[in-house]
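Secondary and tertiary structure notes
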Amino acid sequence: MDITEKLLRVNFSTDETPHIKVNTSICDTTCSMKVCLNICPAERFTLESEKLRFVVDGCLECGACRISCDTGAVTWSYPRGGAGVRFRLG
Ligand code: SF4
Ligand code: SF4
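Residues numbered from 1 in each chain as written. Chains lettered and ligands numbered in written order. Predicted model: local features only at pLDDT ≥ 70, side-chain atom pairs only at ≥ 80, totals over all residues. Heavy atoms only, no water.

What about unusual backbone geometry?
What counts is decided by this rule: The secondary structure listing takes helices from DSSP runs of H or I that are at least 4 residues long and strands from runs of E that are at least 2 residues long, numbered from the N terminus.
Even without being a glycine, serine 49 presents a positive backbone phi close to 50°. With respect to the helices and strands, serine 49 occurs in the loop between β3 (45-48) and β4 (51-54). Of note, glutamate 61 is a non-glycine position whose phi angle comes to about 60°, a positive value. Following the sequence through the fold, glutamate 61 ends up in the loop between β4 and α4 (64-68).

Pasting the structure below:
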């Protein structure tokens, strides 16, 4: 099962205001490690033509990108009430 199939098993209510913003100019100019590419369980960070691309839809709100990015490129907050991920357990 690939990541797209896995994410289809989780419910999301996308907020009109993204709860994560990434300053990709920092990513593309100063960050060589790009740990977000490997640490995000939902694979929301990708490289396209050597440029970092971030898509907030499908974010699992784990906070790993916020903790691991040490350049200040990631601005993170919880989605507003009623929005965001809804895990179905059981
Ligand atoms: S670790 Fe931070 S600065 Fe580096 S590519 Fe990812 S979001 Fe950008
Ligand atoms: S909070 Fe977690 S799932 Fe969402 S973009 Fe960051 S690392 Fe990925």
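Moving on from the coordinates now.
Regarding the environment of valine 74
Definition in use: It only takes one pair of heavy atoms within 4.5 Å for two residues to be counted as in contact.
Structurally, the position occupied by valine 74 is in strand β5 (residues 74-76). In this structure the C-alpha to C-alpha distance between valine 74 and asparagine 38, which are 36 residues apart in sequence, comes to 15 Å. Beyond its immediate sequence surroundings of up to four residues, valine 74 is in contact with Ile20, Lys21, Val22, Cys65, Arg66 and Cys69.

Here we look at the site of ligand 1
Put simply, the test is: Proximity is defined per residue: if any heavy atom of the residue lies within 4 Å of a molecule or strand, that residue is considered near it. Only protein atoms enter the 1 Å grid used here. Points where a 1.4 Å probe fits but cannot escape make up a cavity, open sets with protein on both sides within 12 Å along at least five of seven lines make up a pocket, and a residue lines them when an atom lies within 4 Å of a point. Each molecule is assigned to a cavity or pocket provided more than half of its atoms lie within 2 Å of the corresponding grid points. Under the grouping applied here, Gly and all other residues not named as nonpolar or charged are polar, the nonpolar ones being Ala, Val, Leu, Ile, Met, Phe, Trp, Tyr, Cys and Pro and the charged ones Asp, Glu, Lys and Arg.
Around ligand 1, the neighbouring residues are Cys27, Cys31, Lys34, Val35, Cys36, Leu52, Cys69, Thr71, Ala73 and Val74. Using a 2 Å cut-off from the grid points, one finds that ligand 1 occupies the largest pocket. For the shell around ligand 1, the per-class residue count stands at 8 nonpolar, 1 polar and 1 charged.

What about the pattern of salt bridges?
Using the following cut-off: Salt bridges, as used here, are contacts in which a Lys or Arg side-chain nitrogen is within 4 Å of a carboxyl oxygen on Asp or Glu.
What the rule picks out here adds up to 3 salt bridges. Overlapping salt bridges bring together Asp15, Glu16 and Arg80 as one network.

Comments concerning the nonpolar core
Across soluble globular proteins, nonpolar side chains have a tendency to be buried as a group. What counts, and what does not: The nonpolar core is taken to be a set of buried Ala, Val, Leu, Ile, Met, Phe, Trp, Tyr and Cys residues, with the residues joined through side-chain atoms within 4.5 Å. A simple rule labels every residue: compare its accessible area, found with a 1.4 Å probe on the protein chains alone, to the largest value its type can have, and call it buried under 20%, exposed over 50%, or partly exposed in between.
With 19 residues, the main nonpolar core has Ile20, Val22 and Phe45 as its most contacted residues. Within the residue set of this core, elements represented by two or more residues are β2 (20-22), β4 and β5. Once residues within four sequence positions are removed from consideration, isoleucine 20 is found in contact with Phe54, Val56, Cys59, Cys65, Val74, Thr75 and Trp76.

Topic: empty space enclosed by the protein
Inclusion rule: Grid points are joined across faces, edges and corners, and a volume is the space filled by probe spheres set on the points.
Applying the stated criterion to the full structure yields 1 cavity of 30 Å³ or more. There is about 80 Å³ of room inside the largest cavity. Contributing to the lining of the largest cavity are 14 residues, with Ile20, Cys40, Cys59, Cys62 and Cys65 lying nearest its centre. Split into classes, the residues belonging to the lining of the largest cavity amount to 11 nonpolar, 1 polar and 2 charged.

Describing the side chain of lysine 34
We apply this condition: We score Asp and Glu as negative and Lys and Arg as positive, and we do not count His or the chain ends. For the purposes of these results, a polar contact is taken to be a pair of N or O atoms within 3.5 Å, where, inside protein, one atom must be able to donate a hydrogen and its partner to accept one; residues adjacent in sequence count only when each atom of the pair is a side-chain atom.
By the secondary structure assignment, lysine 34 is in the loop between α2 (24-30) and α3 (36-39). Of the buried charged residues, lysine 34 lacks a salt bridge, with aspartate 28 as the closest side chain of opposite charge at 5.2 Å. Here the side chain of lysine 34 touches cysteine 27 through a polar contact of 3.0 Å, landing on its backbone oxygen. Residue contacts for lysine 34: discarding those within four places in its chain leaves Cys27 and Leu47.

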